[in-house]
Structure formats: structure tokens, C-alpha cells
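Analysis of the macromolecular model
The chain contents come next:
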Amino acid sequence: MILDELGTPVVLAPMAGGPSTPELAAAVSEAGGLGFVAAGYLSTAALGERITATRAATGRAFGVNLFYPSAPTPTDRFASYIAEIARDFPVGEPRHDTDQWGAKLELLLADPVPVVSCTFGCPTAAEIGWLHAVGTEVWVTVTSVAEAQLAIEAGADALIAQGAEAGGHRGSFADRPEEDVTDPLGLLALLQLLRAAVSVPLIAAGGIATGAGLAAVLAAGAAAGQIGTAFLRCPEAGTAPLVRTAVTLDTPTMLTRAFTGRRARGLANKFMLDHPGAPAAYPEIHYATGPLRAAARAEGNADAVNLWAGQAHSLAPELTAGELVRQLSRDAKTALNRALSW
């Protein structure tokens, strides 16, 4: 497996919508980790260009992350919410799409990469089989044992165990409002449950910002840590200036559907607090709030834009991606050695 070939157990989290760049993915791979190109929200042609650019910047392995499509949401579930926010903000046309799943899959079958990971669902056994046939490993993001078992049955090679601490969208197969009354699993609990239930490699995701955090998930049974928020301030990342500043602050995070219609963790702000009852309707609400988010970014208004970040966001350093990978690796070894000396 690709994990066995890495110089350090650091996997770059795919951060769609801006932070993910070929330069960032290549820098992480060059430093011995596994970089990822986020395909979410890109056209298939743009994804092809980013894959080409990443290959030009590194000869090492990297992966591509895809959003697995969801079913359309009935209009009556979100119409009143969009009318509500339209009274105060510019809104776009809500619509459903598959994020060009089929076309992107065809691209990756014709021009394979070492790893394809999926978020928001699990590919079919046939789709995984097609990727295996061209030499590509398939990793699936899971948030529960039930999702993990479905992914294993479909043929997944590894699982990305995403804890509740993670920034950005929850990778759950379905976003069910009835689950809001229960707490999503934190990473440590999820890792222990998964390690007892499955035998494939686990990549831990959620709240890992330091070498000590990386050491903790390795000790809990993960083969690597997938890290996103800690890379937001790296010069190679395409992070918006507003977000680069916001993650340095000691602002609490919260889960919200207000911006996209799917639960995601970000820095708490006025828009999120004003719309706690936003419905589950992704990607329809994502498209509807596009104009208001763009306007807020242009104005530097942190109260009306999604500031996706994990719970340990204030620990994100201002380092190059390569320096950060090396620091994480070095500090993880120190932490593990300290623990073994007990």
C-alpha cells in the first residue's frame, strides 16, 4: 500500500474550495507525506489541469479526493430557508448536481493516480473495482462503524476515520437531521471502535495540529494522520486572507448547515448563530449562499462567510508545508518515545 511507502505518516487533508492547490499537495508529498488534490467544486477539466500541475511539481505519490453524489433534496425542505436569508443577503439559484462524479471518475480511470479518496459516501463495488483495475487504491471517509462496514463490503482499501473535531464538512454517508440530538463521535473513540471492528488501515482525521496529536492517533491504531487546518497558513495553500487571519484567533468552532445545507465545522460567527435551524439540503443551499459568501470575502466580513476549521485551529503555524511535515514527524517521534519510556 501507498502508506507503507511514505517517509512520514502525514496525509494532507483535501480542502476543497480554495486551500487545496497543486503546490500544497506536491510540497507535502516531497516532504515524505501524501499530498491530496481536492476535486470538489472543480470542473473535470480543471481537475485534470491540477493533476498535471501536481505531477510537474513532484515525482512522488499523491491522491485525489472526490465528493460522492447525494440524491436531490425536495424543494419544500429548503425554500423557506432561502427566502429567509434572501431578505438580508444576495442569494443564488439553488440546484442539485453530482459534482461531475461520472466525468471525474472517467478521468481518473484514463489517467490514474495512486490513491482516490471519497467523501460523503462510498463508491459502488463496481466503481471501486474499476479503480483497482488501473492500479488505484480507494480510501473512504467514515464517521461510524456502520459506514466502515459498508465501505469494507464495497472493497475499500483503507478508511479515513473522521472525528467530530475535524474542520469542514462531515464526511458522513448521509446528513440526517434526526442525528442532531446525539453527539458525533470524537476521533479517539471512533478509532478504538473501528480498530475493534475492521482490519484495514485507518487514517485518522480531526483536530490533529501537532506532533503530539499525530503521535496520539498512531498510538490509538491509525496508520497515519490526515491533517488539514494546520496547513491553512502555509504559503503553498490557497487559503483566503480572511481565513488565514481568523484561524489564529481563539474563536470557538461549531457545527452548522447554514452555509451549505450539510453539517460542517467552522469558526462560530453571526451568520451561523443566526441560522441554527438551517435544513439538510446539500448542495442546493451551497449554491444558494454562493453570492453572499463571495460578497463577504470581498468585503472582509468574517461574520457572513464560512470559516471552515477544526477545533485545534489556533495551533496552525505559519510554516512552509515541507517544514510543517518535518516538524510534525519530528515531534511525533519525540512524543512516542516519551510515552514508551513510561
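Here, the structure is the one placed above.
These numbers come from a predicted model, not from an experiment.

1. Considerations on the packing of aromatic side chains
This model, assessed by the stated rule, comprises eight aromatic pairs. Pairing Phe36 with Trp139 gives two aromatic rings, centres 6.0 Å apart and planes at 50°, and the pair type is tilted. With a gap of 103 residues between them, Phe36 in strand E2 (residues 35-38) and Trp139 in strand E5 (residues 137-142) connect regions that are remote in the sequence. On the basis of an interplanar angle of 75° and a centroid distance of 5.4 Å, the ring pair of Phe89 and Phe271 is categorised as edge-to-face.

2. Quick notes on the environment of Thr251
Looking at the secondary structure, you find Thr251 in the loop between helix H10 (241-246) and strand E10 (253-256). Exposure remark for Thr251: the relative accessible area of 23% places this residue in the partly exposed category. In the structure, Thr251 is positioned 231 residues away from Ser20 in sequence and 23 Å away in space, judged by C-alpha atoms. Residues in contact with Thr251, not counting those within four places in the same chain, are Leu267, Ala268 and His313.

3. Here's the deal with unusual backbone geometry
Cis geometry marks the peptide bond from Tyr282 to Pro283; its omega dihedral reads 10°. As for its placement among the helices and strands, Pro283 is situated in the loop between helix H11 (270-274) and helix H12 (284-288). At Tyr41, a residue that is not glycine, the phi angle is positive and equals roughly 75°. Counting through the fold element by element, Tyr41 comes out in the loop between E2 and helix H3 (44-57). Take Tyr41: its relative accessible area is 30%, and that puts it in the partly exposed class. One non-glycine residue, Gln100, lies in positive phi territory at about 55°. Along the chain, Gln100 turns up in the loop between helix H4 (79-86) and helix H5 (101-110).

4. Focus: the environment of Met1
When you line up the elements, Met1 lands in the segment before helix H1 (2-5). The class of Met1 is partly exposed, set by a relative accessible area of 34%. Spatially, the C-alpha atom of Met1 lies 9.6 Å from that of Val115, the residues being 114 residues apart in sequence. Ignoring anything within four residues of it in the chain, the contact list for Met1 reads Glu137, Trp139, Asp157, Ala158 and Pro201.

5. Topic: the nonpolar core
In terms of nonpolar packing, the biggest core is built from 71 residues, with Leu24, Val64, Val140, Leu159, Leu191, Val217 and Phe231 touching the most fellow members. A per-element tally of this core places helix H14 (residues 321-340) first, with six residues. Counting 15 residues, the second largest nonpolar core, distinct from the first, contains Phe78, Ile82, Met272 and Trp308.

6. A short note on the side chain of Asn306
With respect to the helices and strands, Asn306 occurs in the loop between helix H13 (290-299) and H14. Owing to a relative accessible area of 14%, Asn306 belongs among the buried residues under this scheme. Once residues lying within four places of it in the same chain are set aside, the contact partners of Asn306 are Phe259, Arg293 and Arg297.

7. A look at the sheet that holds E5
In space, the eight strands of this open sheet follow the order E1-E9-E8-E6-E5-E4-E3-E2, with parallel pairing throughout. Taken across any chain shown, the strands that pair with only one partner, and hence form the sheet edges, are strand E1 (10-12) and E2. Averaged over all pairs of adjacent strands, the angle between strand axes in this sheet comes to 30°, irrespective of strand direction. The pairing of E1 with strand E9 (residues 224-227) spans three bridges and is classified as parallel. Looking at E9, one finds that Val11 is bridged to Gln226. Set on the sheet, H5 makes contact with strand E3 (62-67) and strand E4 (115-119); between it and E3 the angle comes to about 160°.

8. Considerations on the pattern of salt bridges
Inspection of the entire model under this criterion finds eleven salt bridges. Salt bridges linked by common partners bring Asp175, Arg176, Glu179, Asp180, Arg257 and Arg263 together as one network.

9. Notes on the packing of helix H9 (residues 211-219) against H14
Where H9 meets H14, the axes come as close as 7 Å, and the angle between the chain directions of the two elements is 60°. Viewed along their axes, H9 and H14 adopt a mutual orientation that is oblique. The handedness of the crossing between H9 and H14 is right-handed. Where H9 approaches H14, its residues Gly211, Ala212, Leu214, Ala215, Leu218 and Ala219 are matched on the opposing element by Leu328, Asp331, Ala332, Ala335 and Leu336.

What counts and what doesn't
- Residue positions are counted from 1 within each chain, in the order its sequence is given.
- Given that this is a predicted model, residues contribute local features only at a pLDDT of at least 70 and side-chain atom pairs are listed and counted only at 80 or more, while totals for whole chains, interfaces and linings are drawn from all residues.
- The side-chain numbers reported here are obtained from all heavy atoms of the structure, hydrogens and water having been left aside.
- By convention, a stacked pair of Phe, Tyr or Trp rings (six-membered ring in the case of Trp) has centres within 6.5 Å and planes under 30 degrees apart, an edge-to-face pair has planes over 60 apart, and any other such pair is tilted.
- Helix and strand definitions follow DSSP, with helices as H or I runs of at least four residues and strands as E runs of at least two, each counted in order from the N terminus.
- The cut-offs for exposure are 20% and 50% of the maximum accessible area for each residue type, with area from a 1.4 Å probe on protein chains only; residues under the lower value are buried, those over the upper are exposed, and the others partly exposed.
- Contact criterion: two residues are considered in contact whenever any of their non-hydrogen atoms come within 4.5 Å of each other.
- Buried Ala, Val, Leu, Ile, Met, Phe, Trp, Tyr and Cys residues form a nonpolar core when they are joined through side-chain atoms within 4.5 Å.
- We treat two strands as partners when DSSP finds at least two bridges between them.
- What counts as an axis is a line fitted to C-alpha atoms, over the stretch in contact for a helix, and the angles between N-to-C directions run from 0 to 180 degrees.
- By definition here, a salt bridge exists when the distance from a side-chain nitrogen of Lys or Arg to a carboxyl oxygen of Asp or Glu is within 4 Å.
- For classification purposes, an angle smaller than 35 degrees is called roughly parallel, one larger than 145 roughly antiparallel, one from 65 to 115 roughly perpendicular, and anything else oblique.
- Crossing handedness follows the turn of the near helix against the far one: under a right angle anticlockwise gives a left-handed crossing, and clockwise gives a right-handed one.

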